[in-house]
Structures are given as structure tokens and as C-alpha cells.
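Residues per chain, in single letters:
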Amino acid sequence: MRARIVLLVVALLATPASSTILAKSKSSRTTLNIYFIDVEGGAATLIVTPAGESVLIDAGWDGADGRDAKRIQEAMQLAGVTTIDHLIVTHYHRDHYGGVPELSRLVTIKRFYDHGEMTALGEDPQFAERYGAYQAAAKNETITLKAGETISLKNVDGVPPIKLLCVAANAVTIDTKTKPNPECNPGLEKKPDTSENGRSVGLWLQWGAFDFLNLADLTAPIMSGLICPDNQIGEVDLYQATWHGGTLANNEILLRSLRPTVTVMINGPRKGGHQEVIKLLQELPASKALYQLHRNVQTTAEQNTPAAFIANLEEQPDDGNLIAVAIDAKKGSFIVTNSRTKRSQSYRVK
Ligand SMILES: [Zn+2]
């Protein structure tokens, strides 16, 4: 594994980041772009389609002088979009939807999606205030996403249609028969879970042969419904490590079933990025690279991915570097850029 990592590092292309991070003007877009924005252990993933439509999955934390909303706005500028066409709030935890009110003051958000209305959340003493601020930002016009529904996106001529499918929401998963997953042991099927993480909206983006999976903070008992007894997702090219790269949400069976080519861990310096998950991903035969938004400062350099694949090495000062992905369906490849090193690496779509 060490030799493979060294080879990969050596193979990093000296492509200036500007050519791979910056999206082209609307009329000349040929790629699908995904930006993993550093919101310090929260979540904010921006997708810009070849038609120039924008989808934001989660909006980071509230507070910190609007830090996360500003970082999302900066990423939007990089991506060449001025409005959010679709904002998907995966669940009502502060690190995922706290930043919505602040973001709504900076940019126009056209549609708001979530897993449904809630009146109380035991673990958040400020839930009423936070949820109220979210609903006010959405002018109480939120759309409830259900497993199996798609978010309608515009297509452009000459490239494959794009599909964004909700695979999990409010503790319910899609239920399609494919074929039994040999990785599953008996007893691994879906189990009840009433936690807020278990209600996370999970999204599967498909563009041609390219697959990106973002399950937010979905828990293992619910996620099992996607993987066992049938693997309904199949193998993915790009995987946002669930629950910021925490152990409970990233078991070996899940990772061996999804076989991600590239994983991006949206961890903070002291949140997520668990060494056991990093090790599992590094030892996964199908895995070509693991990127982290932050170095986990609580573990050793060897327990993190190599520094070239980390967007933010220090806890302070924190530059808020991001990981950008540009997918070219026609070429059958995708390029991942670390905005800190300004270096890019190309990977084949499966
Ligand atoms: Zn979270």
C-alpha cells in the first residue's frame, strides 16, 4: 500500500488548480463539478451540473461570524454560479443545517428539501430556535424528500442525462431487488433506528457511468437496507465518507460493497477522520485515493492519508481549502484537485 501511495503522489499532475477547479461559463460547461467545502467538521457539498444548475447538500454550521456561509459563497464564485437552485438539508443537526439562514442572506436559494417536518429534537436544546430560523429562511416552503424520489435536474444535449436519486430519508431506504450481496452476513439487514442521523437524506448522483454517493450521517442500521441483502447501489466512483469518516457509519462490509475509487472525508481537525476508517479505506483493493478536508490532529501522520491528499494540514490558521472534483462523462474520467497544493489527479470512471 505504501508503495502505491508513493507512486500516486509521484504521479500527481502538475496541473494548475485554476484549470480544474474553476468552472467554465454556463454556455461552455462540459463537466459536472463537485466541491467539498471545508466547514470544519460540518457538511457542505456543492454540485454544479453541465447545465449550470446548482445543488447544495447541507450548509455547514451557524455562528463563527458566518464563516461557513461565506465559504459556500466563495465556492459558488469558484464554480461560476450565483444562486442555489436546490438546497438539500440532510438532517437537523447544527453542523448540516445551522448555516442555512446565514447563507440565505448572502445568496438566493430557490428550493429547500429535507426529510420532513419536526417539532422537537431531544439532543438540541436550541432546536425550536434553529429549526424556526431554517423554516423562516425557506419561507416555510420546504419539500419533503422520500426514498425513491429524484430531484429533477436540467439536461443538456450531447452529454448523458443526470440523475439525483434520494436513496434514504426519514429512516426509510429504497427497496429494489438486484442480486444478493455476497459481502453480507445474515443479520446485517436494516434495523430500526430513531436517531436524527438515521433520518439523514442519502443521495446517489449518476451521470453516465459515474456514480457519487453522499449518505450524510446515515447510521449503519439504516444504511444496511441499501447494501444487504442486495447491494442496491453497486460500486461507486466517488464516496463522501459517511458521518465525517466515523467508525460507526463506515463498516468493512459497506466499504467492500461500495468499492469507492476515491473517497473524500469531510472531517474537521478534531471531528471524524477516524483512523480505523482511514485504514479500512487504504486497504480496500478498489480504492485509488482517500482525501481528507482536514488532518486529524489527534492522530499521527501515518494514521491520516498522505499530506498531499489533505486540504487543510493545520488547525490554526485555517485557510478553508477545499477538494474539487470535475467529472467528464465523455472521457470517462474525473479529476480531483486539492486547492491547498493546487495539484490534480485523474481517475478512471468505472
Ligand atoms: Zn454531521
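Refer to the structure printed above.
Residues numbered from 1 in each chain as written. Predicted model: local features only at pLDDT ≥ 70, side-chain atom pairs only at ≥ 80, totals over all residues. Heavy atoms only, no water.

Colleague: It is not clear to me how the overall build of the chain should be interpreted in this structure. Could you clarify?
Modeller: Assigned secondary structure in the chain consists of nine helices and 18 strands. Rg of the C-alpha trace for the chain: 19 Å, near the compact-globule value of 20 Å for 350 residues, within the 12% margin. Reported as C-alpha extents along the three principal axes, the dimensions of the chain are approximately 55 × 50 × 45 Å. Buried residues in the chain amount to 59% of all 350 residues. Sequence separation of at least 24 residues holds for 68% of the intrachain contacts in the chain that already meet a minimum separation of 6. Working note: accessible area of the chain is about 14300 Å², and carbon and sulfur atoms make up 54% of it. When the 36 positive and 38 negative side-chain charges of the chain are each reduced to one mean point, those points stand 6 Å apart. (Helix = DSSP H or I, 4+ residues; strand = E, 2+ residues; numbered from the N terminus. Rg over C-alpha atoms; globule rule 2.2 N^0.38 Å. Buried < 20%, exposed > 50% of the residue type's maximum accessible area, 1.4 Å probe, protein only. Contact = heavy atoms within 4.5 Å. Areas by Shrake-Rupley, 256 points an atom, 1.4 Å probe, with all protein chains shown as cover. Lys, Arg positive; Asp, Glu negative; His and termini not counted. Charge placed at Lys NZ, Arg CZ, Asp CG, Glu CD.)

Colleague: Would you explain helix α6 (residues 127-137) in this entry?
Modeller: Each α-helix turn comprises 3.6 residues. Residues three or four places apart therefore point the same way. Residues of α6 that are buried: Phe-127, Arg-130, Tyr-131, Tyr-134, Gln-135 and Ala-137. Mapping the buried residues of α6 onto a view down its axis gives an arc of 160°, with all of them on the same face. α6 presents Ala-128, Glu-129 and Ala-136 as exposed residues on the side facing more than 90 degrees away from its buried surface. Residues of α6 that are buried sit in contact with α4 (94-97), α5 (100-106), β5 (108-114) and β6 (142-144). Note on α6: the residue one or two positions beyond its end, Lys-139, has a positive phi of about 50°. (Arc of directions from axis to C-beta.)

Colleague: Could you clarify how one ought to interpret the environment of Ile-72 in this entry?
Modeller: Within the secondary structure, Ile-72 is located in helix α3 (residues 67-79). Residue class for Ile-72 comes out buried when judged on its relative accessible area of 0%. Along the sequence, Ile-72 and Gly-148 sit 76 residues apart, while their C-alpha atoms lie 28 Å from each other. Apart from residues lying up to four places away in sequence, Ile-72 is in contact with Ile-37, Ala-44, Leu-56, Ala-59 and Leu-103.

Colleague: Looking at this structure, I do not really get the pattern of salt bridges. What am I missing?
Modeller: Opposite charge on two side chains allows them to pair when their charged atoms are near. Under the definition given, this model contains 20 salt bridges. Two residues, Asp-175 and Lys-177, come together in a salt bridge whose shortest N-O distance is 3.8 Å. According to the relative accessible area criterion, Asp-175 is exposed, its value standing at 65%. When its relative accessible area of 68% is taken as the criterion, Lys-177 is described as exposed. (Salt bridge = Lys/Arg side-chain N within 4 Å of Asp/Glu carboxyl O.)

Colleague: Explain the sheet that holds strand β17 (residues 333-338) to me, please; I cannot follow it from the model alone.
Modeller: Strand pairing in a sheet relies on backbone hydrogen bonds, with the paired strands running either antiparallel or parallel. The strand order across the open sheet built from nine strands is β6-β5-β4-β3-β2-β1-β16-β17-β18, with neighbouring strands paired in mixed fashion. With partners counted over all chains shown, the strands left at the sheet margins are β6 and β18 (343-348), one partner each. Pairwise comparison of adjacent strand axes, ignoring direction, gives a mean angle of 20° for this sheet. Across the sheet, α3 is in contact with β1 (32-36), β2 (45-48), β3 (54-57) and β4 (83-88); its angle to β2 comes to roughly 20°. (Pairing = 2+ DSSP bridges. Axes fitted to C-alpha atoms, helices over the stretch in contact; angles between N-to-C directions.)

Colleague: Would you mind showing me how to read the coordination of the zinc ion here?
Modeller: The expected angle between donors at a tetrahedral four-coordinate metal is 109.5 degrees. At an octahedral six-coordinate metal it is 90 or 180 degrees. Donor atoms from the polypeptide that coordinate the zinc ion comprise Asp-95 (OD), His-96 (NE2), Asp-217 (OD) and His-244 (NE2), at 2.1 to 2.3 Å from the metal. Given four donor atoms and angles of 86 to 157° at the metal, the environment of the zinc ion is assigned as irregular. Sequence positions of the donors to the zinc ion reduce to the motif D-H-x120-D-x26-H. Residue His-96 is located in helix α4, and its partner Asp-217 is located in the loop between β11 (210-214) and α7 (220-227); the two are separated by 121 residues in the primary sequence. An identical accessibility class is assigned to His-96 and Asp-217; each is buried. (Donors = N, O, S within 2.8 Å, 3.2 Å for Na, K, Ca; no water. Tetrahedral: all angles 85-135°; square planar, octahedral: opposite > 155°, others 65-115°.)

Colleague: Can you walk me through the pairing of strand β10 (residues 202-207) in this structure?
Modeller: Every other side chain in a regular strand lies on the same face of the sheet, so the side chains alternate between the two faces. Most of β10 is tucked away: six of the six residues are buried. The alternating pattern of β10 places Gly-202, Trp-204 and Gln-206 and Leu-203, Leu-205 and Trp-207 on opposite faces, both of which are buried. Relative to β10, strand β8 (residues 162-169) runs antiparallel, the two sharing six bridges. Paired with Ala-168 across the strands is Gly-202, a residue of β10.

Colleague: Mind showing me how you'd approach the state of the cysteines here?
Modeller: Note: disulfide means a covalent bond formed between the sulfur atoms of two cysteine side chains. All told, the structure shown has one disulfide when counted by the stated rule. The disulfide bridge from Cys-184 ends at Cys-228, spanning 1.9 Å between sulfur atoms. Between Cys-184 and Cys-228, the disulfide has an S-S torsion of -85° and is therefore left-handed. Of this pair, Cys-184 sits in the loop between β9 (172-173) and β10 while Cys-228 sits in the loop between α7 and β12 (238-240), and the two are 44 residues apart along the sequence. Residue Cys-184 is classed as buried on the basis of its relative accessible area, which comes to 18%. (Disulfide = S-S within 2.5 Å.)

Colleague: Please clarify how the packing of aromatic side chains should be interpreted in this entry.
Modeller: Two numbers describe a pair of aromatic rings. These are the distance of the centres and the angle of the planes. Under the counting rule described, the total for this entry stands at twelve aromatic pairs. Ring geometry for Phe-127 and Tyr-131: centres 5.1 Å apart, planes at 20°, overall stacked. Note that Phe-127 and Tyr-131 are positioned in helix α6 at a spacing of four residues, about one turn of the helix. A ring pair is formed by Tyr-291 and Phe-309, whose centres lie 5.1 Å apart and whose planes are at 65°; its orientation type is edge-to-face. In this pair, Tyr-291 sits in strand β14 (residues 289-294) while Phe-309 sits in the loop between β14 and β15 (310-312), placing the two residues 18 residues apart along the sequence. Every member of this aromatic cluster is reached through a ring pair, and the members are Tyr-92, Tyr-97, Phe-112, Phe-127, Tyr-131 and Tyr-134. (Phe/Tyr/Trp six-rings, centres within 6.5 Å; stacked < 30°, edge-to-face > 60°.)

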